[in-house]
Number of protein chains: 2
Amino acid sequence: MGEALVSILPDMKRKTVDTFIKKAQELDFQLIETKVKPVSLVSVTKTADGIAEISSREDITLMPGKLLKKDDSICLDFGDHHVGYVTLKLNSAGSPQDAPAYLRLKFAEIPGEILDDSSTYHGWISKGWIQEELIHIDVLPCELKLPRRYAFRYLEIFAVDTSAKFQVVVENVELTAVSAVSLEEAEPLSSLPEDLKAIDKASLKTLQDCMQHVFEDGPKRDRRLWIGDLRLQAKANYATFRNLNLVKRCMYLFAGLIREDGKVGACLFTEPVMQVDDTFLFDYSLFFVSILYDYYQETKDLEIVKELWGTAYRQIVLALNDMEDGVPKTENPMMAFIDWKDGLDRQAAAHAVWIYCLRQGEVLASLAGDEAAKEELRVMLADALEKAVSHFWDEEKGFFVSGADHQISWSSQAWMVLADVFEKEKSRALMLHLLEENPEMGVATPYAYHHVIEALLHVGEKEKALELMRTYWGGMINLGADTFWEAFDPEDPHASPYGSSQVNSFCHAWSCTPAWLLREYFTGDTVPVIQDR
Amino acid sequence: MGEALVSILPDMKRKTVDTFIKKAQELDFQLIETKVKPVSLVSVTKTADGIAEISSREDITLMPGKLLKKDDSICLDFGDHHVGYVTLKLNSAGSPQDAPAYLRLKFAEIPGEILDDSSTYHGWISKGWIQEELIHIDVLPCELKLPRRYAFRYLEIFAVDTSAKFQVVVENVELTAVSAVSLEEAEPLSSLPEDLKAIDKASLKTLQDCMQHVFEDGPKRDRRLWIGDLRLQAKANYATFRNLNLVKRCMYLFAGLIREDGKVGACLFTEPVMQVDDTFLFDYSLFFVSILYDYYQETKDLEIVKELWGTAYRQIVLALNDMEDGVPKTENPMMAFIDWKDGLDRQAAAHAVWIYCLRQGEVLASLAGDEAAKEELRVMLADALEKAVSHFWDEEKGFFVSGADHQISWSSQAWMVLADVFEKEKSRALMLHLLEENPEMGVATPYAYHHVIEALLHVGEKEKALELMRTYWGGMINLGADTFWEAFDPEDPHASPYGSSQVNSFCHAWSCTPAWLLREYFTGDTVPVIQDR
């Protein structure tokens, strides 16, 4: 079981900045709705090595001919991952319906979820996330319009019970898929080998399905706006759909919904009321600086930098509360997020995020004309860079080490490289050393894996980066992924940060970054020679 | 497990008599709606002898203070049995709601249903009848308006899961109870001892809650109009609420929705379309005659007799198809219903129902001016009476015997007495002999028990009848019944005709007859001296 990230602060005081919230509301919009029909009936079975897969297909036109009696089921394939609302047209066959039809509907992002038994779920996050409904229908025929939104490709309709006298007929099922963007808005990558095109396609679908009224975390499960995910989604969005208003809206939401002292939350809610959650993370609050910086680089919108610089600067000031002697405190092992990896010591990576955001903060201070802050940040950055080496660098081992046990992890190295603690060549040597030594404390999520790959690209190791992308994201594609997963361990496809993969999200915002990295580093004039796979 | 009564006739042809259906529709009406609030929070536990009971109570005003986290529950008591629609006002407490609230709602007519585990149900009728809902609520606060109708006194709200961050609060629950009648419309029985008043009160509540747009069978489960139940409900209704139009409407429905050859069904549906079921029972079809006869006795409405005599006469003619050599055939042991009793041979009782209805048919023929039919029925009746003795009476044993094994049952004797096969004194001796000998093949349901008691009253044995009523219906009252049950075996309170009492109906039309019998035989001038209990 993963470490539980649950923050409960009953006495926390919230503050709302009305001008920012008003702007966020003005930037809200109608989602694009698309009608989607199921494309076939499928059977799901487990292979010898325990992987669930589609074992047979039937034409969807056969669906109304299937008479579902007690314990019968059909499984519909909608052809791709979607997020949306489902309406079923149901009827009865046989004698008159003399009992309620009792149906179980299972929505599945991947085939494995169809075979999962929800009664065996005992993970530490809510069982309520499992996309399964039990529904009584007193009178057939009926149009069953489900009020909830689901994220799925497969829908199993199982007859828990009918009666000896009648059977249930599924005449029609329609999905209204929703998103802020349409796939056509992103330029396809025509020049790449097929395996990378497949990775790009799934990345785009992942990002599309997470782009709703905010950038969602994972539409199956967590519809909140998380700032760590937002940072990566925004970058991927700049390279693809370029929906700038959605990023702007999300920045206003984070700036408008804060803790009394001005701290930006790790995530926030827009329903039933707009409010910031009582979860705060060292790295996540600092990423407000980074998101604003990236937005400026993309848009050159100086107005919003001036407007939100105060909020960004405040995150840097408040981060100091979580530091001691110039480095992040260590009492709370989950003070920063970095990755879901069990046993990961986060101190060194958190320090690197601090440096990363100080650099961007210094640029923003300058743009905002805040010379005092610029100077303050320059001094802090110099100190932070010095501490990065004196406190965390182990010259003998050739790695940054973290925490009291001097842990060597992939994430520590990746973030120190992204923070430019060393000059490029030394960073490059560090990354190659990392790949060669392959320390045991690896990464658990595409989020952390992204930072390893970005670090490799940052030091010019395109081929090595591509190799890892092909292994990791390609590994999910090889397991049938239509969208990329919240967590993936190539050694253990059933791994979960929550104690059970039943609640894992298989379309998760922070996994969409190949669409950005492929466009940024592997297209255009600088494209390297890429071998087909 | 009881014998399964499931009739499936895929090739059956239906016929609709539009003039009758039009009249039935014109007689439809708005139900009376009554707002009902829960009166207390209760705990249900099992006593040493396995009976579920209310073990503690708390004031209902404490409800909004209960914060439901995973696995917590509250149980609401609405003070009496009701049929209706429920709306819950739910909210969250603690940190912001970061997961769906996943609730299980259990509606229970009796406390035992709260403790039942639906996953253990394996009876032969649909599991869908168990009044249990599993509901995900994405956004709290919300008003949860449940679309289905429930029959219940107790409502358990159980938090299957919330999250570590929030709890569910039940701020308010309101029930809109529905019925065709109001309890105030029935004259109370003020002169009787308390135990009989309690039996009468539960009888009235049973009848009230089964009186909806038709006389329902049991509002928890079977909302169809069954003709065997209608006959008893109509009689109880004449003595109490006197809603004559509802009886009239139900007669038109049975007469208007028939098999192609004119046979009246055992039950019919009014939703989604009006149609007769494909279940036909010898005794139930014949009861159309009896219901029309009773209605005339109550109303002296000669018009409707003339209008429906053809339908009634047709049932008698068609019953002959199920007879051979002047007695009911025996190939199909469930050709007639009589009772749910396991192993009951129904031939003798069915023959008695035949005689019972021939007598009433002769009267109706005369009223309708159908002299030919009257004469035909007179001849049939004489033959049937002769056969009752020659074929079924065992002089040596002093009982009517049934079937190839010459089974002696309570139901055979009761129905032969109600059919007046013997003159009154001989019938009286038979009933006393029955009580004394107490043959093993007793009765399983209040429906059959009613006919035993009615037979005792028919021969003037009021005290013995009252004794049985006090033991049987009083036995349910002693177990906490607010309404009377579909099935009750004093020796085995968990008995069920369906393999599990979880789907039993605990407010069942055919159990409401004490309200009629007490008014007919135990009030007014002829009231005997009744000892208090």
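Keep in mind that this is a model prediction, so the values were computed, not measured.

A. Representation of the interface of chain A and chain B. Contacts between the two partners involve 42 residues from chain A and, on the opposite side, 42 residues from chain B. Here chain A and chain B share an interface that buries about 3200 Å² over both sides, 55% of which is from carbon and sulfur atoms. Considering only the side of chain A, the residues that lose the most area to chain B are Pro96, His136 and Lys165 of chain A, jointly responsible for 17% of the buried surface there. Here chain A is connected to chain B by six salt bridges. Across the pair Lys165 of chain A and Asp277 of chain B runs a salt bridge, and its minimum N-O distance is 2.7 Å. Our count for the chain A to chain B interface comes out at 22 residue pairs in polar contact (both at pLDDT 80 or more). With four residues, strand β8 (residues 132–137) of chain A is the largest single contributor of residues to the side of chain A that touches chain B.

B. Local environment of the sheet that holds strand β12 (residues 225–226) of chain A. Residue and element names in this part refer to chain A. With antiparallel pairing, three strands are arranged side by side in an open sheet as β12-β14-β15. This sheet does not close on itself; its edge strands, each paired only once, are β12 and β15 (275–276). Strand direction decides the pairing type here: strand β14 (residues 267–269) and β15, joined by two bridges, are antiparallel. For Leu268, the partnering residue across the bridge sits in β15 and is Val276.

C. Structural context of helix α9 (residues 371–392) of chain A. Taking 1.5 Å per residue as the helical rise, α9 of chain A with its 22 residues ought to reach 32 Å, and the 30 Å between its terminal C-alpha atoms agrees with that figure. Where α9 of chain A is buried, its residues meet α7 (302–319), β17 (327–328), α8 (347–367), β18 (393–394), β19 (399–400) and α10 (410–418) of chain A.

D. Looking closely at the sheet that holds strand β13 (residues 267–269) of chain B. Residues and elements named next belong to chain B. In space, the three strands of this open sheet follow the order β11-β13-β14, with antiparallel pairing throughout. Single-partner strands in this sheet number two, and they are β11 (225–226) and β14 (275–276). For β11 and β13, the ladder comprises two bridges, and the chain directions are antiparallel. Looking across to β13, one finds that Leu225 is bridged to Leu268.

E. Representation of the UniProt feature "domain: Alpha-L-rhamnosidase six-hairpin glycosidase" (unreviewed entry) in chain A in the model. In this numbering, the UniProt entry assigns the feature "domain: Alpha-L-rhamnosidase six-hairpin glycosidase" (unreviewed entry) to residues 194–517 of chain A. In the segment residues 194–517 of chain A, helix accounts for 55% and strand for 6%; the C-alpha atoms at its two ends are 16 Å apart.

F. Region of interest: the relation of the copies chain A and chain B. Once chain A has been moved 0.0 Å along the axis and rotated by 180°, it coincides with chain B to within an RMSD of 0.0 Å. With respect to symmetry, the two chain copies, as superposed, fit the operation of a two-fold axis. Among all residues of chain A, the one whose C-alpha sits closest to the rotation axis is Leu134 of chain A, at a distance of 3.1 Å. Here 100% of the contact residues of chain A are again contact residues in chain B; the copies associate through an equivalent surface.

G. A look at the pattern of salt bridges. Going through the model one piece at a time under the given rule, you end up with 70 salt bridges over all chains. Between Glu375 of chain B and Arg378 of chain B there is a salt bridge, and its shortest N-O distance comes to 2.8 Å. With Glu375 of chain B and Arg378 of chain B both in helix α9 (residues 371–392) and three residues apart, this pair spans about one turn of that helix. Each of Lys165 of chain A together with Asp222, Arg224, Asp277 and Asp278 of chain B takes part in a single network of salt bridges with overlapping partners.

H. Fine view of the packing of aromatic side chains. Taken as a whole and assessed by the stated rule, the structure comprises 55 aromatic pairs over all chains. Summarising the aromatic geometry, the rings of Phe20 of chain A and Tyr252 of chain A are spaced 5.9 Å apart at their centres and angled 35° between planes, so their arrangement reads as tilted. Here Tyr252 of chain A lies in helix α5 (residues 244–256) and Phe20 of chain A lies in helix α1 (residues 18–26), a separation of 232 residues in the sequence. Accessibility expressed as a relative area gives 10% for Phe20 of chain A, which makes it buried. Classification of Tyr252 of chain A as buried rests on a relative accessible area of 3%. Pairing Phe107 of chain B with Phe152 of chain B gives two aromatic rings, centres 5.0 Å apart and planes at 75°, and the pair type is edge-to-face. In this pair, Phe107 of chain B sits in strand β6 (residues 101–108) while Phe152 of chain B sits in strand β9 (residues 150–161), placing the two residues 45 residues apart along the sequence.

Parameters and conventions
As a convention, each chain's residues are numbered from 1 in the sequence order in which they are written. Written order decides the labels, with chains lettered from A and ligands numbered from 1. Reporting in this predicted model follows two pLDDT cut-offs: at least 70 for local features of residues, and 80 or more for side-chain atom pairs to be given and counted; totals over whole chains, interfaces and linings ignore these cut-offs and use all residues. Hydrogen atoms and water are omitted, and side-chain values are computed over all heavy atoms in the structure. It only takes one pair of heavy atoms within 4.5 Å for two residues to be counted as in contact. Put simply, buried area is how much 1.4 Å-probe accessible surface two parts lose in total, over both of them, once they are put together. Salt-bridge detection follows one rule: a side-chain nitrogen of Lys or Arg within 4 Å of a carboxyl oxygen of Asp or Glu. Polar contact is the term for a pair of N or O atoms within 3.5 Å; when the atoms are in protein, one must be able to donate a hydrogen and the other to accept it, and sequence-neighboring residues count only if both atoms are side-chain atoms. Each helix is a run of DSSP H or I of at least 4 residues and each strand a run of E of at least 2, with the numbering of both proceeding from the N terminus. Any two strands with at least two DSSP bridges between them are considered paired. Helix span, as expected, comes to 1.5 Å for every residue beyond the first. UniProt positions are given in the numbering used here, feature names are shortened, and annotations may be inferred rather than shown by experiment. Each copy is superposed on the other by least squares, with the fit set by C-alpha atoms of residues at a pLDDT of at least 70 in both. Planes of paired rings set the category: under 30 degrees apart is stacked, over 60 is edge-to-face and the rest tilted, where pairs are Phe, Tyr or Trp rings (Trp by its six-membered ring) whose centres lie within 6.5 Å. Relative accessible area decides the class of each residue, using a 1.4 Å probe on protein chains only: under 20% of the type maximum gives buried, over 50% gives exposed, and in between gives partly exposed.

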